Amino acid sequence: MKMVVVAAAVSHDEDVKSYVTQAAFRKASRKMTLCFDAMKKAVSSLADIFTPERLAAAGLILNSGFGEIEATGGFLKGLAENGVARPIFFQNSLHNSTTGFLAIQYGIQGPVFTVNHRTRGGDEVLDISETLLADSLCEFCFAVTVETVPPEFSGPTGVDREGAAVLALCSEATAAKYGLKVLITPDDVLKESAHHPRIELPLTGLKSLFRYDLITRLADRLT
Amino acid sequence: MSLATRSVCVTGLGVVSCLGIGVNRFWDRVERGESGIVEGLGAVQLDGPQLGSETEGRAFEFSMLAAKEALTQAGLSRLDPDDGFILATTTGQIDIWATEFVEFLRQKSSQEDLEVVFRHQSLGALLDTIASHIGQPSKTALISSACSAATQALALGSMWIRQGKVKRCLVGGVEVLSSLTVEGFKSLQLLSSEPARPFDSSRKGINLSEGAGFLVLEASDVVKQKSLAIISGSGLTTDAFHMTGPHPEGEGCFQAMAQAVRSSHLSPNEISWVHAHGTGSDLNDLSEGRAIARFFDGATLPPVTSTKYNHGHALGASGTLEAVLCVEALRRQTVLKSGGLEHQDPRIPLVVARESAPRAIRHILKNTLGFGGINAALVFSQPAEALS
C-alpha cells in the first residue's frame, strides 16, 4: 500500500481571529480552533470527495509535541492561586481533547489517535495513518500537527511559532479510484524526512516542533 | 510464514498496580475479590525508588518494573533495532513538572529550575527514557488517547506485527495519580469515595488509580517462549458525540466490538467472556451495558465483568492492566467476578459475573471507552484456536 497526500492546509493565528466570537468555539482551546480551521481548508479543497458519509468513515491522527499544555497550565494555575479546579480546563487539558473536538465537528467516527512524542510526533502520525490505511480501517485519514504554547512555557519548550497543519491521506489506489491529484508521493515524504535531521536544543532536549515537524513541512510546501 | 497467516502472540506480561507488583499477585488479589482502593483512590505502594532513578519519577519506575517482568517472561533481555515500542499514557510524568510549575507560579522557583524539570512535560520524553533502558527499538509511538490509549496501543502494535513492520513490540500503559486528574475528575463530579461498583444500581462513580501494564507481542514466526494468548482482532471507532460523555446508546462502543469480532473471523456466539470498561460511572456503565446487550442480541450472552472495583481506573494504563487479566484468564481458564455488585442496575440487561469461577474460555472481548468519544475493543484468543 502506497500512501499519498491528496489535500493539505495550514492555519495560523491570523486565520482564526474571527472564531473567537462564535458560540461553537466559546469553550474551544486555541489548538481546537487552529485545527478546525486547517481541517476546514483541507476538507473544502475536496468538497465533492469529503461528503459527510466519507468523513464519518475517515481516520484522524493528531500530533502535538506538548499536548494541551495551555489548558493544563490554566488548570494548575487556577488550582494553585484560587483553589478552584475549573472543569473546562480539565476537560481541555486531556491531550486528546482536540481530536475529540474535531471528531464532533466533522462527524469523524473512524479510528482517532492522539500522539505526543516531541520531534518524532509528525513521523509517528504519518506511520499510524499508513498502518490504518493498510489495514483498511479507513479510506481517508487526516494527519494533523498543532502547537500552541502560552508565554510562560515558550522558554522551556523552545516553541517560537504556533499553528496547525493538516494532510489528507489515502492509498494510491483510492486516489486513482476517485481521480484525485496526488500532491506528493511516498518517496517524496521519505526524502523530506531524510533531509531534515532532528536537532535538539542543548538545555531542554526539545526544539521548535512546529517549524520542523514533518507534517508541517509538507503542508507548508504544498500550500 | 506469510504475513497473511501471521498471528500476534502475547508472550510476556508485567504489572505494577495498587494491588501490588507482579502479574501473579495482581491476578490472585483480583480473583479473591480484594480491592486496592483506599479513600477512593488506588495508589501504588513502592518502598522508595526501586531502580535508583529518583530524577525520573514514579511513571518511569512503574514502567521499568512492568516492562522488565514482561520481557523476562518472553525470554528477552532487551529490544532490538527491528522491534517496536508503544507507550500509552494521559499524563506521563506530570508529578515531576507540575509541582515545579506551581512553585514557579508562586515565585518560589526560578525559570531555570522550571526548565530543568520541564523536559519531562512532553509525554514522549517518558517513552524515550524507557526506550533507552530496554534496548534500541527503532519504531515507536506515544499514544495519549485518554482512557482508550493503551487498548489503542495494543491494536496498533498488533497491526505493526501483522503488516510486517516489526517482529515484536513491547506495548505498555502507565499512569500516576496527580492533582490534575484527581482534582479534575472531582470537578466533573465523577469520583466515588468508596470502591467503584460497576453496573450496580447504587454506583457512585469511579476510583482513579495508578500503575503500569506491559505486554510483549510477537509475530507467531519468531516466538521463542510459549504463547500465552493471541490478539485475534481489534476495533477502533469514535462517537463524535460529546467531549466527556459517551453516546447514550453506546453506538461507537457497539461498532468497535463489531469491528473487533468481525476482524477475528468470529461470531458473537463464540465469545466466552466480556471484560468491560465498566468504570462505575452512571453514564459509562449504562452506555456500555446497552452496547454489549445490543451486540449480543440474538446470541448467547456471555458473562460480563468489570474489575475496576479491584484496581480502580488507571486511565491511560487501564487498557493494558486489564489486558493482562484477560490473558491470564485465558491461561487459567477462569472468569473473574465483577466486584462491588450487589443490586444490578435493571436498565443494564447483562449477565454480570458474580463469582470468580473456572470456565472454558476460548475468546475474550475487551472493551475500552474514553473521553473524546474514543472506543477501542480487542479480542484475545487461546493460542491453539487462532493457530489452527
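Residues numbered from 1 in each chain as written. Chains lettered and ligands numbered in written order. Predicted model: local features only at pLDDT ≥ 70, side-chain atom pairs only at ≥ 80, totals over all residues. Heavy atoms only, no water.

Trainee: Honestly, the environment of B:Thr307 in this entry has me stumped. Any pointers?
Mentor: All names here are of chain B. Position of threonine 307 relative to the elements: it lies in the loop between β11 (304-305) and α10 (308-311). By relative accessible area, which is 0% here, threonine 307 ends up buried. Along the sequence, threonine 307 and serine 338 sit 31 residues apart, while their C-alpha atoms lie 5.8 Å from each other. Filtering out sequence-adjacent residues up to four positions away, threonine 307 remains in contact with Val30, His275, Glu322, Leu325, Leu336 and Lys337. Within the structure, threonine 307 has its side chain in polar contact with the side chain of histidine 311 (distance 2.7 Å). (Helix = DSSP H or I, 4+ residues; strand = E, 2+ residues; numbered from the N terminus. Buried < 20%, exposed > 50% of the residue type's maximum accessible area, 1.4 Å probe, protein only. Contact = heavy atoms within 4.5 Å. Polar contact = N/O pair within 3.5 Å; in protein donor to acceptor, adjacent residues only side chain to side chain.)

Trainee: How should the confidence of the model for chain A be read in this particular structure?
Mentor: Any segment with low pLDDT has predicted coordinates that should not be analysed in fine detail. Residue and element names in this part refer to chain A. Per-residue pLDDT for chain A averages 84, and the proportion of residues at 70 or more is 84%. Within chain A, helix α2 (residues 52-56) carries the highest mean pLDDT (98), whereas helix α10 (residues 209-212) carries the lowest (44). Scored below 50 in pLDDT, residues 197-211 makes 43 contacts in the model with residues more than four places away or belonging to other chains. (pLDDT = per-residue confidence, 0-100.)

Trainee: Honestly, the pairing of strand β1 (residues 8-17) of chain B in this entry has me stumped. Any pointers?
Mentor: As a general feature of sheets, a regular strand has side chains that alternate between the two faces. Residue and element names in this part refer to chain B. Within β1, 10 of the 10 residues are buried, leaving the element largely enclosed by the surrounding structure. Two elements, β1 and strand β8 (residues 211-219), share eight bridges in a ladder whose sense is antiparallel. Bridge pairing links valine 10 to leucine 217 in β8. By the bridge criterion, two bridges tie β1 to strand β9 (residues 229-238) in an arrangement that is antiparallel. When the sheet's bridge partners are listed, valine 10 is paired in β9 with alanine 229. As judged from the two bridges shared by β1 and strand β2 (residues 20-21), these two strands associate in the antiparallel manner. Across the sheet, the residue bridging to serine 17 is glycine 20, located in β2. (Pairing = 2+ DSSP bridges.)

Trainee: What should I look at first to understand the nonpolar core in this one?
Mentor: Taken as a class, soluble globular proteins show a tendency for nonpolar side chains to be buried jointly. In terms of nonpolar packing, the biggest core is built from 75 residues, with A:Leu167, B:Ile143 and B:Phe380 touching the most fellow members. Broken down by element, the residue count for this core peaks at nine residues, all from helix α6 (residues 149-162) of chain B. When sequence neighbours within four positions are dropped, the list of residues in contact with A:Leu167 reads A:Val5, A:Ala7, A:Ala8, A:Leu126, A:Cys141, A:Phe142, A:Ala143, A:Ile215, A:Leu218, A:Ala219 and A:Leu222. B:Leu65, B:Ala74, B:Leu114 and B:Phe214 belong to the second-largest nonpolar core, a separate cluster that totals 62 residues. (Core = buried A, V, L, I, M, F, W, Y, C linked by side-chain atoms within 4.5 Å.)

Trainee: Help me understand the state of the cysteines, please; the structure alone is not making it clear to me.
Mentor: Simply put, the disulfide is a covalent bond whose two ends are the sulfur atoms of two cysteines. Residue and element names in this part refer to chain B. Per the stated rule, a full pass over the model turns up zero disulfides over all chains. The thiol of cysteine 253 is unpaired, and the distance to the nearest cysteine sulfur, on cysteine 147, comes to 13 Å. Judged by its relative accessible area of 2%, cysteine 253 is buried. (Disulfide = S-S within 2.5 Å.)

Trainee: How should I be thinking about helix α7 (residues 179-187) of chain B in this particular structure?
Mentor: Residues separated by three or four positions in an α-helix point in the same direction, a consequence of the helix having 3.6 residues per turn. Residues of α7(B) that are buried include every one of B:Leu180, B:Thr181, B:Val182, B:Gly184, B:Phe185 and B:Ser187, and no others. At its buried positions, α7(B) is contacted by α3 (69-82) and α4 (87-93) of chain A together with β3 (41-42), α3 (94-105) and β7 (208-209) of chain B. With its phi angle positive at about 55°, B:Gln189 sits one or two positions after the end of α7(B).

Trainee: How do you make sense of the pairing of strand β3 (residues 112-115) of chain A when you look at a structure like this?
Mentor: Residue and element names in this part refer to chain A. Here β3 shows a buried face lined by Val112 and Thr114 and a second buried face lined by Phe113 and Val115. As paired strands, strand β2 (residues 59-63) and β3 are joined by four bridges and run parallel to one another. Within β3, the position partnered with leucine 60 by the bridge is valine 112.

Trainee: Looking at this model, I keep getting lost on the packing of aromatic side chains. Mind explaining?
Mentor: Both the distance between ring centres and the angle between the ring planes are used here to describe each pair of aromatic rings. Residues and elements named next belong to chain A. Considering all chains together, one arrives at 15 aromatic pairs over all chains under this definition. Ring plane angle 80° and centroid distance 5.8 Å describe the contact between tyrosine 19 and phenylalanine 36, whose orientation is recorded as edge-to-face. Of the two residues, tyrosine 19 is situated in the loop between β1 (3-11) and α1 (30-45) and phenylalanine 36 in helix α1; the sequence distance between them amounts to 17 residues. Among the residues examined, tyrosine 19 registers a relative accessible area of 6% and is labelled buried. Judged by centre distance (5.1 Å) and plane angle (50°), the ring pair of phenylalanine 50 and phenylalanine 142 falls under tilted. Of the two residues, phenylalanine 50 is situated in the loop between α1 and α2 and phenylalanine 142 in strand β4 (residues 140-147); the sequence distance between them amounts to 92 residues. Both residues of the pair, phenylalanine 50 and phenylalanine 142, belong to the buried class. (Phe/Tyr/Trp six-rings, centres within 6.5 Å; stacked < 30°, edge-to-face > 60°.)

Trainee: Looking at this structure, I do not really get unusual backbone geometry. What am I missing?
Mentor: Leaving glycine out, the prevailing phi sign among residues is negative, and the prevailing peptide bond configuration is trans. Residue and element names in this part refer to chain B. You will see that alanine 146, though not glycine, has its phi angle at about 50°, which is positive. Backbone geometry places alanine 240, a non-glycine residue, at a positive phi of 50°. By the secondary structure assignment, alanine 240 is in the loop between β9 and α8 (251-263). Using a relative accessible area of 18% as the deciding quantity, one classes alanine 240 as buried.

Trainee: Is there a simple way to explain the interface of chain A and chain B in this structure?
Mentor: By a frequent convention, interface size equals the accessible area lost on bringing the separate parts together. With 56 residues of chain A at the contact, the number on the chain B side is 57 residues. Both sides of the chain A and chain B interface together cover about 4,700 Å² of buried area, and 64% of this is carbon and sulfur. The largest contributions to the chain A side of the interface with chain B come from A:Leu76, A:Phe90 and A:Phe113, which together make up 13% of the buried area. For the interface between chain A and chain B, the tally reads four salt bridges. (Buried area = accessible area lost by both parts, 1.4 Å probe. Salt bridge = Lys/Arg side-chain N within 4 Å of Asp/Glu carboxyl O.)

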